[in-house]
Amino acid sequence: MTKVLDIKANEKNFFELKEYIDSVKGAKGSLMQVLHKAQDIFGYLPIEVQKYISTELGVPLAEVYGVATFYTQFSINPKGKHKIGVCLGTACYVKGSQLIMDKLSKELNIKVGQTTEDNLFTLEATRCLGCCGLAPVMMIDQDVYGKLEPNRIPEILEKYK
Ligand code: FES
């Protein structure tokens, strides 16, 4: 389900964004800078914010959307309170991280890149987390879980509820 941004409740945020847009308008690379700023302010880049940027910056909405969805540092969906990152790097993959991902997806009833309805968890795939000896690995916020097996997932998720 798509969540609609409450524009009234975000008036201050739009004002802050407008000030920033005015300060970089016309400069080279300003769209990227504005998208970064908007994500800092709103936490993500909902369509209402993309439309606003398009109008204020004078850039077609298709271009704003294209950039916002191309780069992984941007998100057009709200992030949950806890971010789960499952490593799909080679070492983790061969040790079954896809099974971990599938189990998380089933338990949380979301796909990769999505956030649960209660905004508690966002599920993401990551590259190598630098602890391949613990494969398969996932991170929840700053916590690292290694040598995972799918049946441990429910008990781990419980700690964050
Ligand atoms: S491949 Fe997963 S931690 Fe390196």
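Before any of the text, the structure's been laid out above.
Residues numbered from 1 in each chain as written. Predicted model: local features only at pLDDT ≥ 70, side-chain atom pairs only at ≥ 80, totals over all residues. Heavy atoms only, no water.

Asks: What should I look at first to understand the packing of helix α1 (residues 11–24) against helix α3 (residues 47–57) in this one?
Replies: Geometry of a packed helix pair, given as the angle between the helix axes and the separation of the axes. In contact at an axis separation of 11 Å, α1 and α3 are set at 35° when each is read in the N-to-C sense. Between α1 and α3 lies a crossing whose hand is right-handed. Note on element contacts: α3 touches α1 through E48, V49, Y52, I53, E56 and L57, opposite F14, L17, K18 and I21. Residue composition of the contact of α1 with α3, grouped by class: seven nonpolar, no polar and three charged. (Axes fitted to C-alpha atoms, helices over the stretch in contact; angles between N-to-C directions. Helix = DSSP H or I, 4+ residues; strand = E, 2+ residues; numbered from the N terminus. Left-handed = near helix turned anticlockwise from the far one by under 90°. Contact = heavy atoms within 4.5 Å. Nonpolar A, V, L, I, M, F, W, Y, C, P; charged D, E, K, R; others polar.)

Asks: Any chance you could explain the pattern of salt bridges here in plain terms?
Replies: Here the idea is simple: oppositely charged side chains can pair when their charged atoms come close. Going through the model one piece at a time under the given rule, you end up with eight salt bridges. Put simply, D22 and K18 hold a salt bridge, and the shortest N to O gap is 3.1 Å. With D22 and K18 both in helix α1 and four residues apart, the pair spans about one turn of that helix. You can call D22 partly exposed: its relative accessible area is 40%. K18 gets classed as partly exposed once you look at its relative accessible area, which sits at 27%. Salt-bridge contacts for K79 lead to E124; the nearest nitrogen and oxygen are separated by 2.3 Å. Here the residue K79 occupies a position in the loop between α4 (61–70) and β1 (82–87), and E124 occupies one in strand β2 (residues 121–126), the gap between them amounting to 45 residues. On the accessibility criterion, K79 (37% relative accessible area) is partly exposed. Looking at E124, the relative accessible area reads 16%, which means it is buried. Put simply, K18, D22 and E56 are held in one network by salt bridges that share partners. (Salt bridge = Lys/Arg side-chain N within 4 Å of Asp/Glu carboxyl O. Buried < 20%, exposed > 50% of the residue type's maximum accessible area, 1.4 Å probe, protein only.)

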